[in-house]
Amino acid sequence: MECCGRLPGRFGMFEFLSNRAKDENGRLDSTRGMLCGLGAGVMEAMLVVCPMETIKVKFIHDQSSANPQYKGFFHGVREIIRSQGLRGTYQGLTATVLKQGSNQAIRFFVMTSLKNWYKGDDQNKTINPIITGVFGATAGAASVFGNTPLDVIKTRMQGLEAHKYKSTLDCALKIFKYEGLAAFYKGTVPRLGRVCLDVAIVFIIYEEVVKALNVVWKTE
């Protein structure tokens, strides 16, 4: 499952944006759903994902090296900040924003499209949690195929050997030149199973929480 700290920010921003993007009938179309997802993903990337992912990737790479520098996770965080400053926790920001923004744009586009198709002209029609899970798994699969290349680039840009790349574009070009197109899709199959289940569960929880809040606050 994704880090709990990321989910409230992501879905909170999506709710904030989508409530302002709905039409007079309370319907959010697919394009606006995609843009709201993009906004939520970019915010999530800048405030939470990039520093967390940078530290995680550096620590994993360090621990798998012949001579690890970090004695533990917190020691690693202190050393990264001491030697590189807060900027050291924001390596690969561009790649992370692209990856996370496109990730959520794809997921919310697919989810909004499927929900609108299922509800038809009745926006008050309830969706069974099982159906929500199927829609979520579909959205997760779409995001895996759509942005795995960006995830590969992001990981390279946040690793201990990120200095080999001049920029996000340079990283992408070098991967393609020296490793071929297939390198952008490394780990797709194992990631597919995990992400589909993850996104399905997250969307079920999200939809059920929204339903409960709508009843309590009588927002519908």
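Residues numbered from 1 in each chain as written. Predicted model: local features only at pLDDT ≥ 70, side-chain atom pairs only at ≥ 80, totals over all residues. Heavy atoms only, no water.

- You'll find the protein chain entered in an unreviewed UniProt entry as Solute carrier family 25 (Mitochondrial citrate transporter), member 1, with Ameca splendens given as the organism.
- The UniProt entry for the protein chain carries the following text under Sequence similarities (unreviewed entry): "Belongs to the mitochondrial carrier (TC 2.A.29) family."
- The UniProt entry for the protein chain carries this comment under Subcellular location (unreviewed entry): "Mitochondrion membrane". (UniProt positions renumbered as here; feature names shortened; annotations may be inferred.)

**Some words on the environment of G92**
1) Next: As for its placement among the helices and strands, G92 is situated in the loop between α3 (73-84) and α4 (93-119).
2) Next: Since its relative accessible area comes to 11%, G92 is described here as buried.
3) Next: In sequence terms G92 and E53 are 39 residues apart; their C-alpha atoms lie 9.5 Å from each other.
4) Next: Setting aside anything within four residues of it in sequence, one finds G92 in contact with C50, M157 and Q158. (Helix = DSSP H or I, 4+ residues; strand = E, 2+ residues; numbered from the N terminus. Buried < 20%, exposed > 50% of the residue type's maximum accessible area, 1.4 Å probe, protein only. Contact = heavy atoms within 4.5 Å.)

**Digging into the UniProt feature "repeat: Solcar" (unreviewed entry) in the protein chain**
1) Next: In this structure's numbering, the residues bearing the UniProt feature "repeat: Solcar" (unreviewed entry) are residues 31-117 and 127-212.
2) Next: The span residues 31-117 shows a helical share of 80% and a strand share of 0%, and its end C-alpha atoms are spaced 14 Å apart.

**Quick notes on the environment of D151**
1) Next: With respect to the helices and strands, the residue D151 is situated in helix α5 (residues 129-158).
2) Next: Linking D151 and L197, residues 46 residues apart in sequence, is a C-alpha distance of 18 Å.
3) Next: Ignoring any residue separated from it by four or fewer positions in sequence, one finds D151 in contact with K99 and R191.

**With respect to the nonpolar core**
Soluble globular proteins tend to bury their nonpolar side chains together.
1) Next: Judged by nonpolar contacts, the single largest core of 16 residues is most densely connected at F11, F14, F108, F203 and Y206.
2) Next: Looking at this core, the elements with two or more residues in it are α1 (6-21), α2 (30-63), α4, α5 and α7 (188-217).
3) Next: Here the element with the most residues in this core is α7; it accounts for five residues.
4) Next: If we ignore the near neighbours within four places in the chain, the residues touching Y206 are F11, F14 and E15.
5) Next: Core analysis: the second largest hydrophobic core is formed by ten residues, A95, V152, C171 and A183 among them. (Core = buried A, V, L, I, M, F, W, Y, C linked by side-chain atoms within 4.5 Å.)

**Here we look at α4**
1) Next: Spanning 27 residues, α4 covers 38 Å between terminal C-alpha atoms, matching the ideal 39 Å at 1.5 Å per step.
2) Next: Positive backbone phi, approximately 65°, marks G120, located one or two places after α4. (Expected span 1.5 Å × (residues − 1).)

**Quick look at helix α6 (residues 168-179)**
1) Next: Over its twelve residues, α6 extends 16 Å from the first C-alpha to the last, a length consistent with the 16 Å expected when each residue adds 1.5 Å.
2) Next: Every buried residue belonging to α6 is among T168, D170, C171, A172 and I175, and all of these are buried.
3) Next: Along its buried surface, α6 packs onto α4 and α5.
4) Next: Among the residues trailing α6, G180 stands out with phi positive, at a value near 85°.

**A short note on the pattern of salt bridges**
1) Next: Evaluated as defined, the whole model comprises nine salt bridges.
2) Next: Measuring nitrogen to oxygen at the nearest pair gives 2.9 Å for the salt bridge that ties E179 to R156. Pair noted here: E179 is in helix α6 and R156 is in helix α5, with a separation of 23 residues, a long-range link.
3) Next: For the salt bridge of E179 with K186, the shortest nitrogen-to-oxygen distance reads 3.3 Å. (Salt bridge = Lys/Arg side-chain N within 4 Å of Asp/Glu carboxyl O.)

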